[in-house]
Amino acid sequence: MNLTELLPPAWRAELTPFLDPAATGALGAFVAGEYETQTVYPPIEDLFAAYRLCAPEQTKVLLLGQDPYHGPGQAHGLSFSVRDGVRVPPSLRNVYKELAEDVGVPPSASGDLTGWAKQGVLLLNAVLTVRAKSAASHKNKGWEVFTDATIRALNARDEKIVFLLWGTYARKKAALITNPVHTVIESGHPSPMNGGREFFGARMFSAANKALADGGRPVIDWDPRN
């Protein structure tokens with residue numbers, strides 16, 4: 001499996017300078033073997049959905065998750081998002097609560113965040129695949145290097161990008177963001193296991209829009225139904 005060939009051309013051009021061909025080839029071989037022999041999420045046609053829906057030049061916000069959902073019918077290639085009709089997961093329910101408090105968006109009955117992606121929110125997981133019913137099963141297999149390359153590529157761009165880093169794992173990626181034109185907004189993770197510490201009340205959605213407006217870029221309509 002040639003992963004870079006599966007990327008949209010614009011992303012392929014952006015990421016190639018930051019990728020090691022041998023490491024990417026080894027990752028592709030691993031991922032191909034997993035899809036052939038295991039039940040893997042998201043479905044292979046959704047593997048690069050985040051990149052397909054949000055081109056590099058359109059990216060205004062990067063929202064970094066860690067691992068795809070590992071239950072049937074949930075993961076579709078966008079961090080924190082689930083397909084329409086799937087029960088909204090607990091972390092996303094907390095995201096919706098903070099969204100209502102911060103910018104007045106009533107919680108959606110749907111967990112599909114495709115509307116955000118189409119506006120320029122790159123909904124990226126650090127690890128892009130997972131075995132069914134086995135959380136973090138593809139951790140440390142090479143995806144982290146691939147998605148770090150995505151962060152580095154966005155860091156190299158001159159247009160303002162807001163990086164939303166939720167939780168300890170995501171916040172470590174702040175070290176990759178060195179371009180002063182960009183804005184990093186850190187908070188706790190929305191998972192109920194975190195108890196909302198440093199997440200509720202962080203008001204990162206309004207802060208992201210302020211940073212975009214200050215940088216001369218269109219703001220995000222955070223209502224996922226639009």
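Just so you know, the residues in each chain are numbered from 1, in the order the chain's sequence is written. With the structure being a predicted model, the display of local features is reserved for residues of pLDDT at least 70 and the display and counting of side-chain atom pairs for 80 or more, all residues being used for whole-chain, interface and lining totals. To obtain the side-chain values, all non-hydrogen atoms of the structure were used and water was disregarded.

An unreviewed UniProt entry lists the chain under the name Uracil-DNA glycosylase, with Winogradskya consettensis given as the organism. UniProt positions are given in the numbering used here, feature names are shortened, and annotations may be inferred rather than shown by experiment. Check the Function (unreviewed entry) section of the UniProt entry for the chain; it says "Excises uracil residues from the DNA which can arise as a result of misincorporation of dUMP residues by DNA polymerase or due to deamination of cytosine."

Engineer: What should I look at first to understand the nonpolar core in this one?
Structural biologist: If you look at soluble globular proteins, the nonpolar side chains tend to sit buried side by side. In these notes, a set of buried Ala, Val, Leu, Ile, Met, Phe, Trp, Tyr and Cys residues joined through side-chain atoms within 4.5 Å is what counts as a nonpolar core. The cut-offs for exposure are 20% and 50% of the maximum accessible area for each residue type, with area from a 1.4 Å probe on protein chains only; residues under the lower value are buried, those over the upper are exposed, and the others partly exposed. Membership of the largest hydrophobic core comes to 66 residues, with the highest contact counts inside it found for Trp 116, Trp 143, Phe 146, Leu 164 and Trp 222. Going along the chain from the N terminus, every DSSP run of H or I of four or more residues is numbered as a helix, and every run of E of two or more is numbered as a strand. Residue contributions to this core peak at 6 residues, all from helix α7 (residues 143-155). Setting aside chain neighbours within four positions, we find Leu 164 in contact with Val 61, Leu 62, Leu 63, Leu 64, Ile 185, Met 204, Ala 208 and Trp 222. Note on contacts: a residue pair is in contact if any heavy atoms of the two residues lie within 4.5 Å.

Engineer: So what exactly am I meant to see when it comes to helix α3 (residues 21-37) here?
Structural biologist: Each turn of an α-helix holds 3.6 residues, which means side chains three or four residues apart point in the same direction. To estimate the expected span of a helix, count its residues, drop one, and scale the result by 1.5 Å. Helix length check: α3 (17 residues) gives 24 Å between terminal C-alpha atoms against 24 Å at 1.5 Å per residue, within 8%. When α3 is considered as a whole, its buried residues turn out to be Thr 24, Leu 27, Gly 28, Val 31, Ala 32, Glu 34 and Tyr 35. When α3 is viewed along its axis, its buried side chains cluster within an angular range of 160 degrees and face the same direction. Of the exposed residues in α3, the ones pointing more than 90 degrees away from its buried face are Ala 22, Ala 29, Glu 36 and Thr 37. The elements touched by buried residues of α3 are α1 (3-6), β1 (40-41), β4 (130-131) and α7. Here, the arc refers to the directions that run from the helix axis to the C-beta atoms.

Engineer: For this particular structure, what's the right way to read the environment of Ala 207?
Structural biologist: Looking at the secondary structure, you find Ala 207 in helix α9 (residues 204-214). For Ala 207, a relative accessible area of 30% corresponds to the partly exposed category. With 22 residues separating them in the primary sequence, Ala 207 and Ile 185 have C-alpha atoms 7.9 Å apart.

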